[in-house]
Amino acid sequence: MTAEEPQPLSRDAPGASDALSASSPHTPGTSVPDAPGASAVDAPGASAVGARSGSVLDALTDVAGIRVGHAEVAGAGALSGTTVVLAPEGGAVAAVDVRGGGPGTRETDALDPRNLVQRVDAVVLTGGSAYGLDAASGVMGWLEERGRGVRVGPEPTQVVPVVPAAALFDLGRGGDWRARPDASTGRAAVQAAASSGPGAPVAEGSVGAGTGAVAGQLKGGIGTASVRLPSGVTVAALVAVNAAGSVLDPRTGVLFGEYGAGEPPAYPAAATHAAAVRRLERAREAREAAADGVPPFNTTIAVVATDAALVRAQAQKLAGTAHDGMARAVRPVHLLTDGDTVFALATGRVAVESENPAAVNEILAAGADVLARAIVKAVRAARSVQGPGGTFLAYTDLYGPGAGRGTGAGAALAGAAAPEAERAQPAPRHRAPRHRTPHDRTPHHRTRSGPAPPTPPPPRPHRTPLGGGARRSGEGRTGARLATLVREFTPNRPKCTGNRRGTYLVRLTFLRTPVTMSDPGTTLSTHQVTRGDGLETAP
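Notes on the structure follow. Just so we're clear, the structure is a prediction, and the values are computed from it rather than from any experiment.

Some remarks on the overall build of the protein chain
Reasoning step 1: Along its length, the protein chain carries 8 helices and 23 strands.
Reasoning step 2: The 539 residues of the protein chain split such that 49% are buried.
Reasoning step 3: Partitioning the intrachain contacts of the protein chain with sequence separation of at least 6 by distance along the chain shows that 77% fall at a separation of at least 24.
Reasoning step 4: Surface accessibility of the protein chain: about 24,600 Å² in total, with carbon and sulfur atoms responsible for 54%.

Below, the structure is given as structure tokens:
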């Protein structure tokens, strides 16, 4: 039976990338001629000055000299591809940090700071699991033809290109188990990178290594982000999101990477989130039934690049801290069925006070930030796919293009934003109101309708306490007999009741330790005060 080619559920699906000029679909095993005019020589003048996030494109190519190319496997039943990050002429300082329990990698030992190789010319991210690592062979051949690599002989062409690579698991997701990247796929991707201009846009979503990627239950893909620091250093990331963990908060429908990223996220409507959860569950059950209970395998792989002049040990630290960004956006992460790997590249165009920890720290922190944001962008740019390998639904098809974004324009698309206090919090429990008699001094909670009442003015200090039974004690009074006070208040009536006979009605300003008064919905909190702290009870 011939496998059918998987099709997007909608070619105009929100978030589908339209920047596919650097993407080259082809049939595995066929030779792809060099693109006319393709050159690996970096053109000067690429600048990382811009408006959004302090960068031009919010992409890996904001690091001057870095180029990116994608290629997809063509044919029926194919849902895989390769992405190549091409360093500038002369290469870049490189490092790697592997934290997943099931990595598929190549030439990562060469990047150990203790070993010989100082710089690399390209990094390959690919689908196809360990089979797909063959894509790096195509990149090696292309670099060898141009004399780029580690010089091992007297002739300029006698080089050995070192091409680190990492693979993600997407076998069979298009229906054909054998439709996976090979050397020709890698060659097509590096040609696409070389033929792109300096600072060219980077296609995101279901392209390159992200073609068959899945993020938890959502469709994954390629994402990229960058930032220019006040020091003038640019830090950027490109990621292929194919995580075993989830990128989606199941309680709210917000992407995990949106929390803490600038503006508070907009919360999808409850009905929209409920409908999305049902659709995802049905798709998951169908895939599991077809897989006969075999657990999925995954891997999130990324490249973090900077134009800072880092030594190899610092580059390795950058790769490690970038994993923190992955942990913010994917939960859980670094599992046994993941091969989570982050490469770091440093082109060295901007001098850095390497002896100053603060100068390097801001680069390390930025690496985590841009990787978390790149993961969010990857999930947003992905397109839903339905084929023999299963149905993989995209976030934007479930929630809309603006869901989860900050409370600006994106929030208008997603609906009204939920209050900040409701983020991952259960609804407050209120005690039912009851009838109060004139002689009943038992505290109770009053329910109100309409807008919240105005906040009462703070009580004036040193004022005579309410009720004749309590008076202010002298300063420095000794004899600390504890009385546990249970506080419950309404907007205009702070109260304290003692745990022994008698009732104390006092101004909260008499407490030496301030009491934080929250919304009227707050009911019970316990504080302990001493008579020496300002409370004295008359007989």
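Still more ground to cover, so stick around.
Quick look at helix α2 (residues 135-145)
Reasoning step 1: Within α2, the full set of buried residues consists of A135, A136, G138, V139, W142 and L143. All buried residues of α2 fall inside an arc of 155° around its axis, so they share one side.
Reasoning step 2: Looking at the packing, one finds that the buried side of α2 touches β3 (81-86), β5 (104-106), β7 (122-126), α1 (129-132), β10 (165-167) and α3 (183-195).
Reasoning step 3: Backbone geometry just after α2 places G147 at a positive phi near 70°.

Examining the sheet that holds strand β2 (residues 67-72)
Reasoning step 1: Across the sheet, 5 strands lie side by side as β2-β3-β7-β10-β5; this open sheet has mixed pairing. In this open sheet, the two strands that pair with only one neighbour each are β2 and β5. Sheet twist, expressed as the mean angle between neighbouring strand axes with direction ignored, is 15°.
Reasoning step 2: Inspection of the sheet shows β2 paired to β3 by 6 bridges, in the antiparallel sense. Opposite E72, over in β3, you have G81 as the bridge partner.

Considering the pattern of salt bridges
Reasoning step 1: Inspection of the entire model under this criterion finds 13 salt bridges.
Reasoning step 2: R328 is paired through a salt bridge with D369; the nearest N and O atoms lie 2.6 Å apart. With R328 in helix α5 (residues 312-329) and D369 in helix α6 (residues 357-381), this pair connects stretches of sequence that are 41 residues apart.
Reasoning step 3: For D369, a relative accessible area of 42% translates into the label partly exposed.
Reasoning step 4: Salt bridges sharing common partners tie together D58, E204, R373 and K377.

Section: α5
Reasoning step 1: Helix length check: α5, at 18 residues, gives a terminal C-alpha distance of 27 Å against a target of 26 Å (1.5 Å per residue), a fit within 8%.
Reasoning step 2: Against β4 (92-98), β15 (301-308), β16 (341-350) and α6 lie the buried residues of α5.

A word on the packing of α2 against α3
Reasoning step 1: Interaxial distance between α2 and α3 falls to 6 Å at its minimum, and their mutual angle equals 50°. Between α2 and α3, the interaxial angle falls into the category oblique. Helix-helix and strand crossings are classified by hand; for α2 and α3 the assignment is right-handed. On the side of α2, the interface is formed by A135, S137, G138, V139, G141, W142 and E145, while α3 contributes A183, G186, R187, V190, Q191 and A194.

What to know about the packing of α5 against α6
Reasoning step 1: Interaxial distance between α5 and α6 falls to 7 Å at its minimum, and their mutual angle equals 40°. With respect to α6, the axis of α5 lies oblique. α6 is crossed by α5, and the crossing has right-handed handedness. From α5, Q314, K317, L318, T321, A322, D324, G325, M326, R328 and A329 reach across to α6, where they touch V360, I363, L364, G367, A368, D369, L371, A372 and I375.

Topic: the environment of D249
Reasoning step 1: Checked against the element boundaries, D249 lands in the loop between β14 (234-241) and α4 (270-291).
Reasoning step 2: For D249, a relative accessible area of 0% translates into the label buried.
Reasoning step 3: Discounting residues that sit within four places of it in the chain, D249 has contacts with V254, F256, Y259 and H273.

Observations regarding the pairing of β7
Reasoning step 1: Most of β7 is tucked away, with 5 of its 5 residues classed as buried.
Reasoning step 2: Side chains A122, V124 and T126 of β7 all project onto a buried face; the interleaved residues V123 and L125 project onto the opposite face, where all are buried too.
Reasoning step 3: Pairing geometry for β3 and β7, over 5 bridges, is antiparallel. Looking at β7, one finds that T82 is bridged to T126.
Reasoning step 4: Where β7 meets β10, 3 bridges bridge the pair, whose relative direction is parallel. Within the sheet, the bridge partner assigned to L125 lies in β10 and is A166.

Focus: the nonpolar core
Reasoning step 1: In this structure, L218, V247, I363, L371 and I375 are the most contacted members of the largest nonpolar core, which totals 50 residues.
Reasoning step 2: If you list the elements that add at least two residues to this core, you get β4, β14, α4, β15, α5, β16, α6 and α7 (395-399).
Reasoning step 3: Considering each element in turn, this core owes the most residues, 12 residues, to α6.
Reasoning step 4: Residues in contact with I363, not counting those within four places in the same chain, are L229, V233, V235, T306, A308, L310, L318 and V352.
Reasoning step 5: Formed by 32 residues, the second largest nonpolar core is a distinct cluster that contains A92, V120, A240 and L345.

As for the packing of aromatic side chains
Reasoning step 1: Here the structure, examined in full by the defined rule, presents 2 aromatic pairs.
Reasoning step 2: Aromatic side chains F169 and W177 sit 6.3 Å apart centroid to centroid with 65° between the ring planes, which places their arrangement in the edge-to-face category.
Reasoning step 3: Its guanidinium or amino end placed over the ring of Y131, R180 lies 3.6 Å from that ring's centre, counting from NZ or CZ.

Conventions adopted
- Residues numbered from 1 in each chain as written.
- Predicted model: local features only at pLDDT ≥ 70, side-chain atom pairs only at ≥ 80, totals over all residues.
- Heavy atoms only, no water.
- Helix = DSSP H or I, 4+ residues; strand = E, 2+ residues; numbered from the N terminus.
- Buried < 20%, exposed > 50% of the residue type's maximum accessible area, 1.4 Å probe, protein only.
- Contact = heavy atoms within 4.5 Å.
- Areas by Shrake-Rupley, 256 points an atom, 1.4 Å probe, with all protein chains shown as cover.
- Arc of directions from axis to C-beta.
- Pairing = 2+ DSSP bridges.
- Axes fitted to C-alpha atoms, helices over the stretch in contact; angles between N-to-C directions.
- Salt bridge = Lys/Arg side-chain N within 4 Å of Asp/Glu carboxyl O.
- Expected span 1.5 Å × (residues − 1).
- Parallel < 35°, antiparallel > 145°, perpendicular 65-115°, else oblique.
- Left-handed = near helix turned anticlockwise from the far one by under 90°.
- Core = buried A, V, L, I, M, F, W, Y, C linked by side-chain atoms within 4.5 Å.
- Phe/Tyr/Trp six-rings, centres within 6.5 Å; stacked < 30°, edge-to-face > 60°.
- Lys NZ or Arg CZ within 6 Å of the ring centre and 35° of its normal.

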